[in-house]
Amino acid sequence: MKITYYGHSCFLIETSTARLLIDPFLTGNPLAALKASEVRCDYILITHGHEDHTGDALAVAKANNAAIIANYEIAEYFGAQGAKSHGMNPGGAFRFPFGRVKLTYAQHSSSINAGLNPLYMGTACGIIIEADNRRIYHAGDTALFLDMQLIARGGLDLAIIPIGDNFTMGPEDALDALDFLKPRLAVPVHYNTWEPIAQDAAAFARDAAMRGHKVNPLPPGGSLEL
Ligand code: NI
Ligand code: MN
């Protein structure tokens, strides 16, 4: 399958049967690799409510007639605005036509700014996708947490993990996350979009290699075959 990074935490995963967009944030993202209007996808998977993960979800969902897969609150929120949606919650898995999706725990908050008051948007999640005999973990925004050891069960072909610090794990904790997750390959995300989360991804990859982990930083627009 082909995995393309669109910047921040946004990916397109092209399986043999479907195109899965994760955490669409292109409009307003200074490093975005393409415009929201250019995205073609069949499903949109969302880790949590924050605008840097949901910003383009509704428009892209409607333009592509794509179903939004997310926690129950986010699914209901976008469903009420006319998107197709499928609500889940951490620990739960569901077999979609393209493969199996399981939501995991993430140590983070989840809200959408609606006027003055942030709207509560359920539990922040990570996402495990099993398709085409591959197992992929998108950690979403998260702190380091010990239960990552549970996510490693069954093996991971790819782990997508934040390294930006300030809002999520920084590089130090992300190295420990790799020790827990033991993925065959990891791609760092959620860094360099803005100054407060500036990080040296090449240095992170070198430090990870010293601990036996393969990390492949992708530039926005970059892709890999899994
Ligand atoms: Ni967030
Ligand atoms: Mn974020």
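Look a little higher up for the structure.
Chemist: Looking at this structure, I do not really get the coordination of the nickel ion (ligand 1). What am I missing?
Modeler: In ideal tetrahedral geometry, four donors around a metal make angles of 109.5 degrees, whereas ideal octahedral geometry with six donors gives angles of 90 or 180 degrees. Distances from the nickel ion (ligand 1) to its protein donors, namely His48 (NE2), His50 (ND1), His108 (NE2) and Asp141 (OD), fall within the range 2.2 to 2.3 Å. Between the four donor atoms coordinating the nickel ion (ligand 1), the angles at the centre fall across 90 to 176 degrees, so the site counts as irregular. One chain supplies every donor to the nickel ion (ligand 1), and in sequence these donors are spaced H-x1-H-x57-H-x32-D. Here the nickel ion (ligand 1) and the manganese ion (ligand 2) are spaced 3.1 Å apart, linked through aspartate 141, which binds each one. Residue histidine 48 is located in the loop between strand E4 (43-45) and helix H1 (51-54), and its partner aspartate 141 is located in the loop between strand E12 (134-138) and helix H4 (148-151); the two are separated by 93 residues in the primary sequence. In this structure, histidine 48 and aspartate 141 share a single accessibility class: buried.

Chemist: Just checking my understanding: could you explain the nonpolar core for this structure?
Modeler: In summary, soluble globular proteins display a tendency toward joint burial of nonpolar side chains. Membership of the largest hydrophobic core comes to 30 residues, with the highest contact counts inside it found for Ile3, Phe11, Tyr43, Leu45, Phe98 and Ile129. At four residues, strand E11 (residues 125-131) tops the list of elements feeding residues into this core. In terms of nonpolar packing, the next biggest core, distinct from the first, is built from 24 residues, Phe145, Leu156, Ala177 and Leu178 among them.

Chemist: Explain the environment of proline 24 to me, please; I cannot follow it from the model alone.
Modeler: Note that proline 24 resides in the loop between strand E3 (19-22) and E4. Residue class for proline 24 comes out buried when judged on its relative accessible area of 0%. With 15 residues separating them along the chain, proline 24 and valine 39 place their C-alpha atoms 9.5 Å apart. Look past the residues within four positions of proline 24 in its chain and what remains in contact with it is Cys10, Ile44, Ile46, His53, Thr54, Gly55, Asp56 and Ala57.

Chemist: Help me out: how do you make sense of the packing of helix H5 (residues 171-181) against helix H6 (residues 201-210) in this one?
Modeler: The angle between the axes and the distance between the axes are what describe a pair of packed helices. At a closest axis distance of 10 Å, the pairing of H5 and H6 adopts a crossing angle of 40 degrees. Overall, the two elements H5 and H6 adopt an arrangement that is oblique. The two elements H5 and H6 cross, and the hand of that crossing is right-handed. On H6, the residues touching Pro171, Ala174, Leu175 and Leu178 of H5 are Phe204, Asp207 and Ala208.

Chemist: I keep staring at the coordination of the manganese ion (ligand 2) and nothing clicks. Help me out?
Modeler: In this structure, Asp52 (OD), His53 (NE2), Asp141 (OD) and His190 (NE2) serve as the protein donors to the manganese ion (ligand 2), at separations of 2.1 to 2.2 Å. Site description for the manganese ion (ligand 2): donor spacing in sequence, D-H-x87-D-x48-H. Take aspartate 52: its relative accessible area is 13%, and that puts it in the buried class.

Chemist: Looking at this structure, how should I read the pairing of strand E2 (residues 10-14)?
Modeler: Consecutive side chains of a regular strand alternate in pointing toward one face of the sheet and then the other. Judged by how many residues are buried, E2 sits mostly within the fold: four of five residues are covered. Joining the antiparallel neighbours strand E1 (residues 2-7) and E2 is a turn of two residues, in which histidine 8 adopts a positive phi near 60 degrees. Pairing analysis gives four bridges linking E2 to E3, with the strands arranged antiparallel. The residue of E3 that forms the bridge with phenylalanine 11 is isoleucine 22. Hairpin connection of E2 to E3: four residues between the antiparallel strands.

Chemist: Would you explain unusual backbone geometry in this entry?
Modeler: Positioned with a positive phi, aspartate 132 is a non-glycine residue whose angle comes to about 50 degrees. As for its position among the elements, aspartate 132 is in the loop between E11 and E12. Even without a glycine there, the phi angle at aspartate 165 is positive, about 70 degrees. For aspartate 165, the location among the structural elements is in the loop between strand E13 (158-162) and H5.

Chemist: Quick question: what am I supposed to make of helix H3 (residues 72-79) here?
Modeler: Owing to its 3.6 residues per turn, the α-helix brings residues three or four apart onto one side. Listed as buried for H3 are Ile74, Ala75 and Phe78. In an axial view of H3, the angular spread of the buried residues amounts to 100 degrees, which keeps them on one side of the axis. Buried residues along H3 sit in contact with H1, helix H2 (57-64), strand E5 (67-71), strand E6 (85-88) and strand E9 (111-114). Capping of H3 at its N-terminal end is provided by asparagine 71; its side-chain oxygen lies 3.0 Å from the backbone amide nitrogen of glutamate 73.

So, how was this worked out
- Residue positions within a chain follow its written sequence, with the count starting from 1.
- Lettering of chains starts at A and numbering of ligands starts at 1, both following the order in which they are written.
- Given that the model is predicted, a residue must reach a pLDDT of at least 70 before its local features are reported, and side-chain atom pairs must reach 80 or more before they are shown or counted; all residues, however, enter totals for whole chains, interfaces and linings.
- Here the side-chain values reflect all heavy atoms present in the structure, with hydrogen atoms and water set aside.
- Distances decide who is a donor: an N, O or S atom must be within 2.8 Å of the metal, or within 3.2 Å for Na, K and Ca. Water is not included, so sites may look incomplete.
- Geometry is assigned from donor-metal-donor angles: four donors are tetrahedral when every angle falls between 85 and 135 degrees, four are square planar and six octahedral when opposite donors sit over 155 degrees apart with all other angles between 65 and 115, and any other arrangement is irregular.
- Strands are runs of DSSP state E lasting at least 2 residues, helices are runs of H or I lasting at least 4, and numbering of each runs from the N terminus.
- To sort residues, take the accessible area from a 1.4 Å probe on protein chains only and compare it with the maximum for the residue type: under 20% means buried, over 50% means exposed, and anything in between is partly exposed.
- Among buried residues, those of type Ala, Val, Leu, Ile, Met, Phe, Trp, Tyr and Cys that are joined through side-chain atoms within 4.5 Å constitute a nonpolar core.
- The contact rule is simple, with two residues in contact once any of their heavy atoms fall within 4.5 Å.
- To obtain each axis, a line is fitted to C-alpha atoms, and for helices this fit is confined to the stretch in contact; angles are then taken between N-to-C directions over 0 to 180 degrees.
- Reported orientations rely on four angle classes, namely roughly parallel under 35 degrees, roughly antiparallel over 145, roughly perpendicular from 65 to 115, and oblique for the rest.
- Two helices that cross are described as forming a left-handed crossing if the nearer one is turned anticlockwise from the farther one by less than a right angle, and a right-handed crossing if clockwise.
- Pairing between strands is defined by DSSP: at least two bridges between the two strands are required.
- Arc definition: it is the arc formed by the directions from the helix axis to the C-beta atoms.
- Throughout this description, a polar contact denotes any pair of N or O atoms lying within 3.5 Å of each other; where both atoms belong to protein, one of them has to be capable of donating a hydrogen while the other can accept it, and for residues adjacent in sequence the pair is counted only when both atoms sit in side chains.

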